[in-house]
Amino acid sequence: MTPPPELPEASPLHQRRRPPTVRELDGIPWLAELTPPERAAVLPEITAVNARPGDHVCRIGRPVTYWFGVIEGLLKMSSETAQGQTMTFAGLPSGGWFGEGTALKREPYRYNVQALRASVVAGIPVDSFHWLLDHSIGFNRFVMNQLNERLGQFIAAREIDRLADPDVRVARNLAALFNPVLYPGVGQVLRITQQELAYLVGLSRQRVNEALATLQKDGLIRTEYGGLRVLDLERLRTEVPGSTAVT
């Protein structure tokens, strides 16, 4: 399928919808859980969009119309307090599908989801999402696993918000981004810049750089060109960086 021509810069995100490519479909993890008839029924309903940095995929108060996933790129799920402070719930890297709770209840969004970099986002209409729930055992299992992992992620996020140690905050946020269930597209290397990580963690880029140096010294990660490689995910989730440095 040939994507439509580029639209003007000011066009709303939904006007840039297009059919996904074969490679993009291969990056949707739940498609593998469907039977051939289920897959044939839902494939025509899947759309993709090229989101630009700063584009909002979801906005607080808007009705849910799609269930979304990140084929490539990085999004941020956040909200704002009554005092105008931004509270980040999660980073959403490649392979992550999100908003299933909102789609299940068909309620307005209680969070914003914004692209931190140029990203490819896929989605299926909320009616198709419910059709799959009604007809597909494999899809139900996928969504249940998502909800279970998401609950653990948000409990951990509340704990991270209370941490005073910046190194620990960076470590725990990185561990969340390497979750193999929620973000199967990440693998062992996360393509992220220090500035993007700073946006997610709520620290300055300079302080994030210091924390990454500590994590690398401890043998938990290795910085590579354009990203980070996790060397010990369990220690990244549990240890206090700098306290057990490898000598």
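See the structure shown above.
Now for a quick tour of the structure.

What counts, and where the lines are drawn
Residues numbered from 1 in each chain as written. Predicted model: local features only at pLDDT ≥ 70, side-chain atom pairs only at ≥ 80, totals over all residues. Heavy atoms only, no water. Buried < 20%, exposed > 50% of the residue type's maximum accessible area, 1.4 Å probe, protein only. Helix = DSSP H or I, 4+ residues; strand = E, 2+ residues; numbered from the N terminus. Pairing = 2+ DSSP bridges. Axes fitted to C-alpha atoms, helices over the stretch in contact; angles between N-to-C directions. Expected span 1.5 Å × (residues − 1). Arc of directions from axis to C-beta. Core = buried A, V, L, I, M, F, W, Y, C linked by side-chain atoms within 4.5 Å. Contact = heavy atoms within 4.5 Å. Salt bridge = Lys/Arg side-chain N within 4 Å of Asp/Glu carboxyl O.

A look at the pairing of strand β1 (residues 47-51)
Moving on, step 1. Within β1, four of the five residues are buried, which leaves it mostly tucked inside the rest of the structure.
Moving on, step 2. One ladder, built from five bridges, connects β1 with strand β8 (residues 119-125); its direction is antiparallel. Along β8, the bridge assignment pairs N50 with V120.

Observations concerning the sheet that holds strand β5 (residues 86-93)
Moving on, step 1. Spatial ordering of the open sheet is given by β2-β7-β4-β5, a layout of four strands whose pairing is antiparallel. Across the chains shown, the open sheet's two edge strands, defined by having one partner strand only, are β2 (56-58) and β5. When strand polarity is set aside, the average angle formed by the axes of neighbouring strands in this sheet is 30°.
Moving on, step 2. With four bridges joining them, strand β4 (residues 74-80) and strand β7 (residues 112-115) adopt antiparallel strand pairing.

As for helix α8 (residues 205-217)
Moving on, step 1. With 13 residues, α8 should reach 18 Å at 1.5 Å per residue; the first-to-last C-alpha distance of 18 Å fits that figure.
Moving on, step 2. Within α8 the residues assigned to the buried category are V208, A211, L212 and L215. Down the axis of α8, the buried side of the element spans an arc of 105°, and every buried residue falls inside it.
Moving on, step 3. G219 lies just past α8 and shows a positive phi near 80°.

A closer look at the nonpolar core
Among soluble globular proteins, nonpolar side chains are generally buried collectively.
Moving on, step 1. Within the largest apolar cluster, 66 residues are counted, with the highest numbers of intra-cluster contacts made by W30, F98, L174 and L197.
Moving on, step 2. Non-local contacts of F98, meaning those with residues more than four positions away in its chain, are made with V57, C58, W67, F68, G69, V70, L75, M77, L92, V113 and R150.

Side note on the pattern of salt bridges
Note on pairing: side chains with opposite charge can pair once their charged atoms come close.
Moving on, step 1. Counted by the stated rule, this structure contains 14 salt bridges.
Moving on, step 2. Between R150 and E100 there is a salt bridge, with its nearest N and O atoms 3.4 Å apart. Taken together, the residues R150 in helix α5 (residues 137-161) and E100 in helix α3 (residues 100-105) connect sequence positions 50 residues apart. Each member of the pair, R150 as well as E100, is classed as buried.
Moving on, step 3. Within the structure, one salt-bridge network assembled from shared partners comprises K105, E107 and R110.

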